[in-house]
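Structural overview for review
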Amino acid sequence: IVKKRRGDREMGADTAKRLQDMGLVTTPIYAEDLLSFERKAVGFGQSSKAWSRVLESWGVKPNRKIINRVLEAEPLAGALPEPGPHSEVIFNIDEVASKLRQHGLGDYLRS
């Protein structure tokens, strides 16, 4: 898992640099932000901002009212609960957390 996560980070950084070099993206946009409208506690603000950044990176002027309307019409809008802490679903969380932190991946854990 550690090797995979490290590889994912390196690939993500490389992809971001390539996109920036092409003038397509100036700041990272995370899937978690794009899809946060699906979670009850977060709401549409985070997703609306993220989708606005996507459109801006493509040279399109975003209209937040339209973005919000589209997000609200999605079947999963506000339907998903917030995920709980990993300690509730990982039996050996102390061992897993220790290993992740040892490799600089502790930020992947939800507490």
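Look a little higher up for the structure.
Since this is a predicted model, take the numbers as computed values, not measurements.

As for the pattern of salt bridges
- Summed over the entire model, instances satisfying the criterion amount to three salt bridges.
- A salt bridge links glutamate 82 to arginine 39; its shortest N-O distance comes to 2.8 Å. Of the two residues, glutamate 82 sits in the loop between α4 (64-73) and α5 (93-102) while arginine 39 sits in the loop between α2 (31-34) and α3 (45-57), which places them 43 residues apart along the sequence.
- Among the residues examined, glutamate 82 registers a relative accessible area of 37% and is labelled partly exposed.

Some remarks on the side chain of serine 47
- Its place among the elements puts serine 47 in helix α3.
- You can call serine 47 buried: its relative accessible area is 0%.
- When neighbours within four sequence positions are excluded, serine 47 is seen to be in contact with Asp33, Leu34, Leu35, Ser36, Phe37 and Leu71.

Thresholds applied
Sequence positions are assigned chain by chain, starting from 1 and proceeding in written order. Given that this is a predicted model, residues contribute local features only at a pLDDT of at least 70 and side-chain atom pairs are listed and counted only at 80 or more, while totals for whole chains, interfaces and linings are drawn from all residues. The side-chain numbers reported here are obtained from all heavy atoms of the structure, hydrogens and water having been left aside. Here a salt bridge means any side-chain nitrogen of Lys or Arg lying within 4 Å of a carboxyl oxygen belonging to Asp or Glu. Note on conventions: DSSP H or I runs of at least 4 residues are helices, E runs of at least 2 residues are strands, and numbering of each starts at the N terminus. Throughout, exposure labels follow a simple rule: accessible area from a 1.4 Å probe, protein chains only, divided by the maximum for the residue type, with under 20% read as buried, over 50% as exposed, and the rest as partly exposed. A contact between two residues is defined here by any heavy atoms of the two lying within 4.5 Å.

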